[in-house]
2 protein chains.
Amino acid sequence: MRNPTALAMSACLAIAALGLMAAAPVTQQGTPAAPSPQEVLDAAPVDAWRDVPAEDLVVMTLADGSVVDYQLAPDFAPVHVANIRQLVRSGYFDGASILRVQDNYVVQWGRPDEDKTEAKGIVAVPPAEYDFPAAGVAMKALPYRDAYADHVGHVKSWPVAGDGTTDWLIHCYGMIGVARDVPPDTGSGTQLYTIIGHAPRHLDRNLAVVGRIVSGMDLLADRPRGTEELGFYKDDTQRIKIVSAKMASDMDAATRPAFQILDSDTKTFDTWLNAKANRSGAFFVRPAGAVDICNALPPFRVKTS
Amino acid sequence: MRNPTALAMSACLAIAALGLMAAAPVTQQGTPAAPSPQEVLDAAPVDAWRDVPAEDLVVMTLADGSVVDYQLAPDFAPVHVANIRQLVRSGYFDGASILRVQDNYVVQWGRPDEDKTEAKGIVAVPPAEYDFPAAGVAMKALPYRDAYADHVGHVKSWPVAGDGTTDWLIHCYGMIGVARDVPPDTGSGTQLYTIIGHAPRHLDRNLAVVGRIVSGMDLLADRPRGTEELGFYKDDTQRIKIVSAKMASDMDAATRPAFQILDSDTKTFDTWLNAKANRSGAFFVRPAGAVDICNALPPFRVKTS
């Protein structure tokens, strides 16, 4: 730590360097430490990764060239997702803007002043897709407590909570929901938000969660917070323009983005989850012994093959 | 929602507008709804607020004029806090920089390359102030489950977890810790970080938590994420300079910043916490019935008297 050459690495180690170590670190007792979460991913077989379907992937390009890719969740909010696909395909979000950035809460985008004049071909008043019947849903339970729900876990790599009767998607960091007015309005999908702070779980079962950011989350979360009430931007001089939003499935298959996510229904996922809950190696002095659902979001990777 | 005039408000309502309503909303049944968290704060008596001591408050000014105020926690990490006070007073952070911004994780500041040549008069190797004996600590327990700890709650408005033997400060959004290398190094306080994402609770009891951001959190969290490993900035062209850091107690008492925090040992706090856990009013269709410790951080306000 005193050696200037080591200092850059030392700084790196300061919080989270285990993932950087190439080989499994050796504990002070001389026995090999359990693999880190990153090491588990690096060793994961090809079939531990689940494709993100191109028909669920939206490619959003901002005026500064930033590209944000997000995945829709048709299994959980089919009417809202059908609306969003239609809005994307009809060009509704081309020329829309990031409207709101509230610290430790949400980034929200759509058309200013909720202009819906061009929102055509959608279900104007979708049902309240805030939750869905638990019967028949194969949830892999997270073996740890949750502050809010009776139980939580993963359904096809999505973070889900349940009470025995219904299940629902969870408002974790990077999850996307549909902004709405007061009930019975449920929002049509013309304004969407994503979570940029500690999971605001009190929103669960109160808004329709319809997707999650796959890539470019950092390019949303680093925006200046809005100056108006609730973090809204004042006007177009503050707003960040969305140049275009496209369904990946409508793009050239050879050049469109393609992603995979760690499949929660695999043993690799279990090993990775256990490594997240029980950090080992030289840095950690006391493993947590648990991990909460929003710290257990399966990672994405670019699909290379 | 169809009325253009209402649309701005409609957008505001989209996620979290209850706090904006001036009067207690009336439910559809015609009975007054329980007050919102903001309404509880608005009605709080003066003695529900606890002063942030000037000798615990650091005023950090960035090159772009941003001012970030943070509170030290001498009751929980006295040696590290004494070090930080000394580093501040000796000018160690004047000319330091924000070195690292990793999305959904941390902002970290100090001198590049861990230059400690001017870190004088500190305890170079402090004890591991990661936790402290629970005996004699008056924790107000949060009446909800926690994913990580046997129990959690508040000690003098700080978020604390415990296992019956020891207690420890929690890595919630905005909490400040001391960066370190591998054990037995505990960090001296020359590099500090704050949490800008979902609470990374696996860091609890592995690093010394020494304080929290009081004001200006948004001015740290909105920085561009670093391009290097772990979100480090590449060089001084990316880093954000810290012009100065001062102890508020060393500044002119008439003009220095002064803050208060909702006192967790008051009935107002209990009412506020209950309102956070059980949202009512026109917007929420299903109260969560719980709130996790990192969504139960007592709010600050500017001290006006």
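Since we're looking at a predicted model, the values are computed, not measured.

One frequently used descriptor of interface size is the decrease in accessible area upon assembly of the parts. Across the contact, 71 residues belong to chain B and 71 residues belong to chain A. Between chain B and chain A the total buried area reaches about 6,500 Å² when both faces are included, carbon and sulfur atoms providing 57% of it. Counting the contacts that link chain B with chain A gives two salt bridges. In this structure, Asp131(B) and Arg286(A) form a salt bridge, with 3.0 Å as the shortest nitrogen-oxygen distance. Linking chain B to chain A there are 25 residue pairs in polar contact (both at pLDDT 80 or more).

With an RMSD of 0.0 Å, the fit of chain B onto chain A corresponds to turning through 180° and sliding 0.0 Å along the axis. The operation mapping one copy onto its partner corresponds to a two-fold rotation axis.

Looking now at unusual backbone geometry. Each neighbour pair has its own omega, and for Pro183(A) with Pro184(A) the value is 10°, a cis peptide bond. Within the secondary structure layout, Pro184(A) lies in the loop between strand E11 (175–178) and strand E12 (192–195). With a phi close to 75°, Ser157(A) is a non-glycine residue in the positive phi region. For Ser157(A), the location among the structural elements is in the loop between strand E8 (151–155) and strand E9 (158–162). Backbone geometry at Asn104(B) places phi at a positive 55°, although glycine is not the residue there.

So, about the sheet that holds strand E6 (residues 132–133) of chain B. An order of E6-E10-E9-E8-E7 (chain B) is seen for the five strands of this open sheet, with the pairing classed as antiparallel. Each edge of the open sheet carries a strand with a single partner, namely E6 and strand E7 (140–141) of chain B.

A complete count under the given rule lists seven cavities of 30 Å³ or more for this structure. Tallied by class, residues from the lining of the largest cavity come to ten nonpolar, two polar and six charged. Estimates place the volume of the second largest cavity at around 90 Å³. As for the second largest cavity, its lining consists of Arg286(A), Pro287(A), Ala288(A), Tyr148(B), Ala149(B), Trp168(B), Arg201(B), His202(B), Asp204(B), Arg205(B) and Asn206(B). Here the lining of the second largest cavity is composed, by residue class, of five nonpolar, two polar and four charged.

Our next topic: the state of the cysteines. Residue and element names in this part refer to chain A. As enumerated under the stated definition, the model contains two disulfides over all chains in all. Across the disulfide, Cys172 is cross-linked to Cys294 (sulfur-sulfur distance 2.0 Å). Across the disulfide from Cys172 to Cys294, rotation about the S-S bond amounts to roughly -75°, and the bridge is consequently left-handed. Taken as a pair, Cys172 in the loop between strand E10 (166–169) and E11 and Cys294 in the loop between helix H5 (267–277) and strand E16 (300–302) lie far apart in primary sequence, 122 residues in all.

Another point: helix H3 (residues 78–89) of chain A. Along an α-helix, residues three or four apart share an orientation, since each turn contains 3.6 residues. Residue and element names in this part refer to chain A. Counted at 1.5 Å a residue, the expected span for H3 with its twelve residues is 16 Å, and the 16 Å between its end C-alpha atoms agrees. When we look at burial in H3, the residues that qualify are His80, Val81, Asn83, Ile84, Arg85, Leu87 and Val88. Lining the buried residues of H3 we find strand E2 (57–62), strand E3 (67–72), E11, E12, strand E13 (209–215) and strand E14 (240–247). Positioned one or two residues after H3, Gly91 has a phi angle of 80°, which is positive.

A few words now on the pairing of strand E2 (residues 57–62) of chain B. Residue and element names in this part refer to chain B. Summarising burial for E2: five of the six residues are buried, a large majority. Strand direction decides the pairing type here: E2 and strand E3 (residues 67–72), joined by five bridges, are antiparallel. Directly across from Val58, in E3, lies its bridge partner Tyr70. Taken together, E2 and the strand that follows it, E3, pair antiparallel across an intervening segment of four residues, in which Gly65 is found at a positive phi of about 95°. Here E2 runs beside strand E14 (residues 240–247); their pairing, made up of five bridges, is antiparallel.

A few words on the confidence of the model for chain A. Residue and element names in this part refer to chain A. For chain A, the average pLDDT comes to 90, and 89% of its residues sit at 70 or higher. Note that residues 1–28 has pLDDT below 50 and, in this model, 64 contacts with residues that lie over four places away or in other chains. For this predicted complex, the interface confidence score (ipTM) comes to 0.91, while the overall pTM stands at 0.92.

The rules behind these values
- Residues numbered from 1 in each chain as written.
- Chains lettered and ligands numbered in written order.
- Predicted model: local features only at pLDDT ≥ 70, side-chain atom pairs only at ≥ 80, totals over all residues.
- Heavy atoms only, no water.
- Contact = heavy atoms within 4.5 Å.
- Buried area = accessible area lost by both parts, 1.4 Å probe.
- Salt bridge = Lys/Arg side-chain N within 4 Å of Asp/Glu carboxyl O.
- Polar contact = N/O pair within 3.5 Å; in protein donor to acceptor, adjacent residues only side chain to side chain.
- Least-squares fit on C-alpha atoms with pLDDT ≥ 70 in both.
- Helix = DSSP H or I, 4+ residues; strand = E, 2+ residues; numbered from the N terminus.
- Pairing = 2+ DSSP bridges.
- 1 Å grid on protein atoms, 1.4 Å probe; cavity = no way out; pocket = protein on both sides within 12 Å on 5 of 7 lines; lining within 4 Å.
- Points joined across faces, edges and corners; volume = space filled by probe spheres on them.
- Nonpolar A, V, L, I, M, F, W, Y, C, P; charged D, E, K, R; others polar.
- Disulfide = S-S within 2.5 Å.
- Expected span 1.5 Å × (residues − 1).
- Buried < 20%, exposed > 50% of the residue type's maximum accessible area, 1.4 Å probe, protein only.
- pLDDT = per-residue confidence, 0-100.

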